[in-house]
Amino acid sequence: MNIMLLGAPGSGKGTQAEKLVKELDFIQFSTGDLFRKEISNQTKLGVLAASYMNEGNLVPDDLTNGIVNEGLKTQSDQLIFDGYPRTLNQAIALEEMLTNLNSKIDYILFIDVDKEILLDRIAGRMICPKCKASFHLTNRKPKVDGICDFDGTKLERRPDDEPAKVLVRLETYEADTKPLIDFYSSRPGFIHIKATDMDVDSIFAVIKKGLNK
Ligand code: ADP
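Here the structure is a predicted model, which is why all the values come from computation and not from measurement.

J.: Got a sec to walk through the site of the ligand? Specific residues and values, please.
T.: Neighbouring the ligand are 18 residues, the closest being Thr31, Arg36, Asn57, Gln90 and Arg169. In this structure, an oxygen atom belonging to the ligand sits 2.5 Å away from a main-chain N or O atom of Asn57. Between the ligand and the protein, one listed contact pairs a nitrogen atom with a backbone N or O atom of Val59 at 3.0 Å. Among the elements that take part in the shell around the ligand, helix H2 (residues 31-40) stands out by supplying three residues, more than any other. Taken together, the residues of the shell around the ligand sort by class into five nonpolar, six polar and seven charged.

J.: Hey, could you go over helix H7 (residues 163-177) for me, with residue numbers and the actual values?
T.: For H7, with 15 residues, the first-to-last C-alpha span of 20 Å sits near the 21 Å given by 1.5 Å per residue. Within the span of H7, buried status applies to Lys165, Val166, Arg169, Leu170, Thr172, Tyr173 and Thr177. For H7, the buried positions fall inside an angular range of 160° around the axis, keeping them on one side. Structural note: H7 exposes Glu171 and Ala175 on the side pointing more than 90 degrees away from its buried face. Tucked into the core, H7 has its buried residues touching strand S4 (107-112), helix H6 (115-123), strand S5 (125-127) and helix H8 (179-185).

J.: Before we move on, can you summarise the side chain of Lys165 with the specific residues and values?
T.: Of note, Lys165 is situated in helix H7. A residue is classified by how much of its surface remains accessible, and Lys165, at 16% relative accessible area, is buried. A distance of 3.3 Å separates the side chain of Lys165 from the backbone oxygen of Asn54, its partner in a polar contact. Sequence-distant contacts of Lys165, defined by excluding residues within four places in its chain, comprise Asn54, Glu55, Gly56, Pro159 and Asp160.

J.: Residue-level account of the sheet that holds strand S3 (residues 79-82), with values.
T.: Picture the strands of a sheet paired through backbone hydrogen bonds; they go either parallel or antiparallel. The five strands lie next to each other as S2-S3-S1-S4-S7, forming an open sheet whose pairing is parallel. Two strands bound the open sheet, and with one partner strand each, they are strand S2 (27-30) and strand S7 (190-194). On average, each strand axis in the sheet is tilted by 20° relative to the strand beside it, whichever way the strands run. Most of the contacts of H2 go to S2, to which it runs at about 70°, and overall it touches S2 and S3.

J.: Talk me through the pattern of salt bridges; I want residue IDs and the actual numbers.
T.: Going through the model one piece at a time under the given rule, you end up with 15 salt bridges. Across the pair Asp160 and Arg158 runs a salt bridge whose closest N-O atoms are separated by 3.1 Å. Residue Asp160 shares its accessibility class with Arg158, and that shared class is buried. Among the ionic pairs, Asp160 bridges to Arg169, the shortest N-O distance being 3.8 Å. For Asp160, a relative accessible area of 9% puts it in the buried group. By sharing partners, the salt bridges in this structure join Arg125, Arg158, Asp160, Asp161 and Arg169 into a single network.

Reading guide: rules and limits
Per chain, residues are indexed from 1 in the order of the written sequence. pLDDT decides what is reported in this predicted model: residues at 70 or higher carry local features, side-chain atom pairs at 80 or more are listed and counted, and totals for whole chains, interfaces and linings draw on all residues regardless. To get the side-chain values, all heavy atoms of the structure are used, and hydrogens and water are removed first. Residue proximity to a molecule or strand is established when one non-hydrogen atom of the residue lies within 4 Å of it. Side-chain atoms alone can form a polar contact between residues adjacent in sequence; in general such a contact is a pair of N or O atoms within 3.5 Å, and within protein one must be able to donate a hydrogen while the other accepts it. Helix numbers and strand numbers start at the N terminus; a helix is a DSSP run of H or I with at least 4 residues, a strand a run of E with at least 2. Basically, the charged four are Asp, Glu, Lys and Arg, the nonpolar ten are Ala, Val, Leu, Ile, Met, Phe, Trp, Tyr, Cys and Pro, and anything else, Gly included, counts as polar. Multiplying 1.5 Å by the helix residue count minus one yields the expected span of that helix. Each residue is assigned to one of three classes by its accessible area relative to the maximum for its type, calculated with a 1.4 Å probe on protein chains only: buried under 20%, partly exposed between the two thresholds, exposed over 50%. Throughout, the arc means that of the directions going from the helix axis to the C-beta atoms. Any two residues whose heavy atoms approach within 4.5 Å are treated as being in contact. When DSSP finds two or more bridges between a pair of strands, those strands are recorded as paired. Under this scheme, a helix contributes an axis fitted over its contacting stretch, all axes are lines through C-alpha atoms, and angles between N-to-C directions fall in the 0 to 180 degree range. By salt bridge we mean one thing: a side-chain nitrogen of Lys or Arg within 4 Å of a carboxyl oxygen of Asp or Glu.

Right, here's the structure in full:
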């Protein structure tokens, strides 16, 4: 079974993906994490991707579809697509790649959060560079300030979490990614979670119920 998470930056896709991995044995397939790995390994692709990411822009579709195609060669089931697809072109490319692998998306979870609170959430976000766990300065504090609860690594702020870059990312979401909601909303397995006033665990409970787990 494969799951796709849709939602704006800061909507909590990564946090829910983390729980799906821990509790239900899914594997997170995050294009953002894949690109950040390339960046930390200083590959050619990483250098190129960073030039887009650091400004809050999308990495071009051909590069993004390429990294996904590579990733799907090792695993094409039990995945959570987090942050991919983000454009209609990517959605169409993904359908083709999965069909070729005899696989498909079974559930599409749209985590719908009011725009007004996204900026604030991202502004306080801190990430563990090692295990990718996400914390928040006020909403989800680590046990020790600035340190990851899980592996003791020093938490970092992502370069694209700076407010000016976040605004660009939210605009890009509205223009390029939001149309995907229409594209997927009539599919079987589409679940719309109105998550603005829900905490992490309540959202996860809705997800589990939706997946019949
Ligand atoms: P967030 O959901 O908080 O924006 P991500 O880690 O998913 O965080 O993405 C960070 C950045 O990585 C994006 O702003 C974009 O530059 C790049 N990126 C990730 N996924 C894609 C994608 N599917 N298409 C294009 N660019 C992407």
